[in-house]
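Each chain, letter by letter, is given below.
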Amino acid sequence: MIKLYYWIWSDSILSLKKYHPKKVDWKSSIFIMNTWINATNAWIIFVWLKWLGVNKIQLVFINLFPGDLLDKFLSFSIVFALPFGFLNYFLIFYKDRYKTILKNYSTPPNLYAFSYSMIVVSLAFITVLLGVYFQ
């Protein structure tokens, strides 16, 4: 599983460098994008397990702002994105580990990162539609 994770990261970095060679802040861009994709994937799994009755854990909901949108965004960020942010930082960017990953996984299969991202976005869209339809 870790090999797939590194293939996706390698493909993400190489694709970003290929299509945006002059981008200076590529590390922050790729870090934020992959962290949010991973967080969305975890959210999808969590929601589907909850719908199937396997997961009975309640999520943390923060109520700081008027309205729900900012509170939901903050809760999602803390529960799903923050753990993946730490994971991605320590597995990819800490002590420039991405250089070793790019050396070991220099020829990733085509479109691993793009395919993974599109699958996650499509599943998130379907999950939201099903959630709206069935509630």
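To start, this report covers the structure provided alongside it. The model shown is predicted, which means the values in this text are computed figures rather than measured ones. (Residues numbered from 1 in each chain as written. Predicted model: local features only at pLDDT ≥ 70, side-chain atom pairs only at ≥ 80, totals over all residues. Heavy atoms only, no water.)

1. As for the layout of surface pockets
Part 1: Estimated volume of the largest pocket: approximately 670 Å³.
Part 2: For the lining of the largest pocket, the elements supplying multiple residues, two or more each, are helix H2 (26-51), helix H3 (69-93) and helix H5 (112-134).
Part 3: Tallied by class, residues from the lining of the largest pocket come to 15 nonpolar, 5 polar and 2 charged.
Part 4: Its volume calculated, the second largest pocket comes out at about 410 Å³.
Part 5: Lining the second largest pocket are 18 residues, and of these Asp11, Ser15, Leu16, Tyr19 and Phe114 lie nearest its centre.
Part 6: With 7 residues, the single largest contributor to the lining of the second largest pocket is helix H1 (residues 2-19). (1 Å grid on protein atoms, 1.4 Å probe; cavity = no way out; pocket = protein on both sides within 12 Å on 5 of 7 lines; lining within 4 Å. Points joined across faces, edges and corners; volume = space filled by probe spheres on them. Helix = DSSP H or I, 4+ residues; strand = E, 2+ residues; numbered from the N terminus. Nonpolar A, V, L, I, M, F, W, Y, C, P; charged D, E, K, R; others polar.)

2. What to know about the nonpolar core
Part 1: Among the nonpolar cores identified, the biggest contains 13 residues, and Trp9, Ile13, Trp26, Ile30, Ile92, Phe93 and Tyr98 are the most heavily contacted of them.
Part 2: The element best represented in this core is H1, accounting for 5 residues.
Part 3: With residues up to four places along the chain from it excluded, the contact list for Trp26 reads Ile13, Leu16, Lys17, Phe93 and Tyr98.
Part 4: Grouped together as the second largest cluster of nonpolar side chains are 7 residues, Ile8, Ile37, Ala113 and Val120 included. (Core = buried A, V, L, I, M, F, W, Y, C linked by side-chain atoms within 4.5 Å. Buried < 20%, exposed > 50% of the residue type's maximum accessible area, 1.4 Å probe, protein only. Contact = heavy atoms within 4.5 Å.)

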